[in-house]
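One letter stands for each residue in the lines below.
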Amino acid sequence: MTKPVLIIGGGPVGMTMASELVRYGLPVRIIDKAAHRTDKSKALVLWSRTLELLDRGMGAERFVERGFKVDGVTFAQGDKEVGHACLDTIDSRYNYALMIPQSETERLLEEYLAEQGVTVERETEATAFAIRDDGVSAVVQKNDGTSETIEAEWLIGCDGAHSIVRRTLDLPFVGETNTSDWMLADVHMTGYPRSDRSMSIYWHRDGVLIFLPITPGRYRLIVDVPRSPGDQPLTLSLEQMQSLVDQRGPAGTRLFDPVWLSGFRINERKVAEYQQGRIFLAGDAAHIHSPAGGQGMNTGMQDAFNLAWKLALVFRQACRPALLETYSHERSQVGDAVLKSAGRLTAVATLRDPVAQALRNLAGHVLLGWEKVGHALAEQMSETTIHYPESALNGTGRSADIQPGERFAPRESERPAGTGDDPRFVLHAVTGPMATDLTSRFPELIDPILRPLVPGAALTLVRPDGYVSVANNDPDHVTEVLERFGRHS
Ligand SMILES: Cc1cc2nc3c(=O)[nH]c(=O)nc-3n(C[C@H](O)[C@H](O)[C@H](O)COP(=O)(O)OP(=O)(O)OC[C@H]3O[C@@H](n4cnc5c(N)ncnc54)[C@H](O)[C@@H]3O)c2cc1C
């Protein structure tokens, strides 16, 4: 019998991983020690790139139907606007931030898995595992007191910030804890003067105050406060949050009916390697950072999109296991970049020195008044600028218009690469001997249906996760990449 892929952790990343693997036909088991999905709003945003990647599988529409579209980010100081970034300039059909509570994202993922016949095995905790050359075995404890040893082909640790997988592998989780305490409030509000279609960040001399719309009239508020002496951050009352809003935010805003009040501390940590043999890490198990920019869950889900098609091609024996090594290399670089930018946003928002604050406000005013800067910020937040410039999956040639490693923006008229149950590369080329030779040479790797030519390159090879692998006029560059990883005849 074929051994499954074992996913430890049924949070948003584990469930995204399972949903991708199962649609590519891999046997999957996914376990979670908790009895239920989260009922908390935690990660509130699905960004453009995540929605594009969801579209290749379970579809983004079911999320869009349940979410609330936000089209901008405003930076303010008291009642004065410092600058604004428009999200509708993002080059994506999802040119907005989709506000959707994590509890709802998880519900939709679990619903899709159930449609595929996969159940998250709850109250099932992984307590130990061992790696062998031909597989992995994991010991799991169930709530009825029984235990089981699961034999798996690969094991993926999607088990969050305190990952047992990471700790068992003894992978250093390098980084630091931010010196402030943070407080979030999921509340209802009246009297708020700004559009509920925009996120707002208020810079104040005592700290930052962030408003994130959830639905009309309901918001997530985040503030930083001086660190409390204990091990745990304080949870403020609604009245204390109200007085921080009065002090730092727009006049006349009234909070009521809190849904969730919680204190948290920001850890910025990451492992260097996301793979050790047959074991992989993804999501918070591999990287945690400031919620500034709302990138944590999105980055984790994109880890899953990156790894799943590679596992599928190796499982089908269409590619050699060396393909899997590109996962850690590519995603660890993205993790570093996200950590850096989230840290920078947090540092800018929490400046304490009055001179630095004045400079920030002035620079913010000047820079964000410049359309290009607002656009660059919007693109970065949307994760559409993520790319893999140093990937071993990149061909050596270059085209003037599109470079290997870049995101291939999905086109309205075409099914994106990696759609359906077959993780194949797609080739943009004209029909003729050059294209026919390539598709017949790599039948398991290249989709036989050619796509329209991309300006500037006679051949554009796009990976199943929608990133350009080769873009130039020479078929040898396509052959070179596919021979590097493929088991060709
Ligand atoms: C207050 C707050 C606000 C946030 N806001 C945002 C935001 O706006 N945007 C964003 O992108 N991110 C945000 N995040 C981060 C986001 O919530 C996380 O990045 C996301 O939950 C990570 O998903 P995950 O699946 O990797 O891990 P988790 O959600 O932590 O899931 C891990 C799962 O593994 C299970 N597990 C752990 N150990 C075991 C074991 N031994 N055996 C079996 N199961 C196990 C756990 O029960 C859990 O269900 C926020 C986080 C917080 C706390």
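In the block above lies the structure referred to throughout.
Model, not experiment: these values are computed from the prediction.

*Asks:* It is not clear to me how the overall build of the chain should be interpreted in this structure. Could you clarify?
*Replies:* Scanning the chain for helices and strands turns up 12 helices and 25 strands. Across its three principal directions, the C-alpha atoms of the chain cover 70 × 60 × 35 Å. Scored against the burial criterion, the 489 residues of the chain give a buried share of 57%. Residue pairs in contact within the chain that sit at least 24 positions apart in sequence constitute 72% of those at least 6 positions apart. As presented, the chain carries roughly 19,900 Å² of accessible surface, and 53% of it is formed by carbon and sulfur atoms. In the chain, the 51 positive side-chain charges and the 64 negative ones have mean positions that sit 1 Å from each other.

*Asks:* Where do I start with the site of the ligand in this structure?
*Replies:* If you check the shell around the ligand, you find 28 residues, and the closest are D32, Q102, L184, D284 and M297. At 3.3 Å from a nitrogen atom of the ligand is found a main-chain nitrogen or oxygen belonging to K42. Between the ligand and Q102, the relevant distance is 2.8 Å, taken from an oxygen atom to a side-chain nitrogen or oxygen of the residue. Elements supplying a minimum of two residues to the shell around the ligand: α1 (12-23), β9 (124-132) and α7 (296-315). Counted by class, the shell around the ligand contains 11 nonpolar, 10 polar and seven charged residues.

*Asks:* I keep staring at the environment of T460 and nothing clicks. Help me out?
*Replies:* Summarising the element assignment, T460 is placed in strand β24 (residues 459-462). Considering only alpha carbons, one finds T460 and I402, 58 residues apart in sequence, at a separation of 8.8 Å.

*Asks:* Any chance you could explain the sheet that holds strand β2 (residues 28-32) here in plain terms?
*Replies:* Picture the strands of a sheet paired through backbone hydrogen bonds; they go either parallel or antiparallel. Ordered by their spatial adjacency, six strands build an open sheet running β8-β2-β1-β12-β21-β20, and the pairing between neighbours is mixed. Both outer strands of the open sheet, β8 (120-122) and β20 (275-276), are each paired with one neighbouring strand and no more. Of the strand pairs in this sheet, strand β1 (residues 5-8) and strand β12 (residues 154-157) are connected by four bridges, and their pairing is parallel. Across the sheet, residue I8 finds its bridge partner in β12, namely G157. Here α1 sits on the sheet in contact with β1, β2, β8 and β12, set at roughly 170° to β2. α7 contacts β12 and β21 (279-281) of the sheet and is inclined by roughly 175° relative to β12.

*Asks:* Please explain the sheet that holds strand β11 (residues 147-152) as it appears in this structure.
*Replies:* Across the sheet, three strands lie side by side as β9-β10-β11; this open sheet has antiparallel pairing. Each edge of the sheet is formed by a strand with only one pairing partner; in this case those strands are β9 and β11. Across the sheet, the mean angle from the axis of one strand to that of its neighbour is 20°, orientation sign disregarded.

*Asks:* Before we go on, may I ask you to explain the pairing of strand β14 (residues 181-190) in this structure?
*Replies:* The two faces of a sheet get side chains in turn, since along a regular strand they alternate between them. With eight of 10 residues buried, β14 lies mostly within the body of the structure. Relative to strand β17 (residues 218-225), β14 runs antiparallel, the two being bridged by eight bridges. Residue pairing for β17: A185 is matched across the bridge by L221. Pairing of β14 with strand β18 (residues 254-264) involves eight bridges; the strand directions are antiparallel. Its bridge partner being in β18, W182 is matched across the sheet by F264.

*Asks:* Got a minute to help me understand the packing of α1 against α7 in this structure?
*Replies:* Each packed pair of helices is defined by two parameters, the angle between the axes and the distance between the axes. At their nearest, the axes of α1 and α7 sit 8 Å apart, and the two run at 25° to each other. The pairing of α1 with α7 is recorded here as roughly parallel in orientation. Crossing hand, α1 versus α7: right-handed. Contacts between α1 and α7 involve P12, V13, T16, M17, E20 and L21 from the first element and M297, G300, M301, A304, F305, L307, A308 and L311 from the second. Grouping the amino acids of the contact of α1 with α7 by side-chain chemistry returns 11 nonpolar, two polar and one charged.

*Asks:* Can you help me understand the packing of aromatic side chains in this one?
*Replies:* In this description, a pair of aromatic rings is defined by centroid distance and the angle of the planes. Taken as a whole, this structure holds 11 aromatic pairs when the rule is applied. With a centroid separation of 5.7 Å and 90° between ring planes, the pair formed by W309 and F425 is classed as edge-to-face. Residue W309 is located in helix α7, and its partner F425 is located in the loop between α10 (371-382) and β23 (426-428); the two are separated by 116 residues in the primary sequence. Taking relative accessible area as the criterion, F425 reaches 2% and is therefore assigned buried. Among the aromatic residues, ring-to-ring pairing joins Y192, Y202, F211 and Y219 into one connected group. Over the ring of F173 we find R166; its NZ or CZ atom is 3.6 Å from the centre of that ring.

The rules behind the values
Residues numbered from 1 in each chain as written. Predicted model: local features only at pLDDT ≥ 70, side-chain atom pairs only at ≥ 80, totals over all residues. Heavy atoms only, no water. Helix = DSSP H or I, 4+ residues; strand = E, 2+ residues; numbered from the N terminus. Buried < 20%, exposed > 50% of the residue type's maximum accessible area, 1.4 Å probe, protein only. Contact = heavy atoms within 4.5 Å. Areas by Shrake-Rupley, 256 points an atom, 1.4 Å probe, with all protein chains shown as cover. Lys, Arg positive; Asp, Glu negative; His and termini not counted. Charge placed at Lys NZ, Arg CZ, Asp CG, Glu CD. Near = heavy atom within 4 Å. Polar contact = N/O pair within 3.5 Å; in protein donor to acceptor, adjacent residues only side chain to side chain. Nonpolar A, V, L, I, M, F, W, Y, C, P; charged D, E, K, R; others polar. Pairing = 2+ DSSP bridges. Axes fitted to C-alpha atoms, helices over the stretch in contact; angles between N-to-C directions. Parallel < 35°, antiparallel > 145°, perpendicular 65-115°, else oblique. Left-handed = near helix turned anticlockwise from the far one by under 90°. Phe/Tyr/Trp six-rings, centres within 6.5 Å; stacked < 30°, edge-to-face > 60°. Lys NZ or Arg CZ within 6 Å of the ring centre and 35° of its normal.

Keep in mind these values describe shape, not function.
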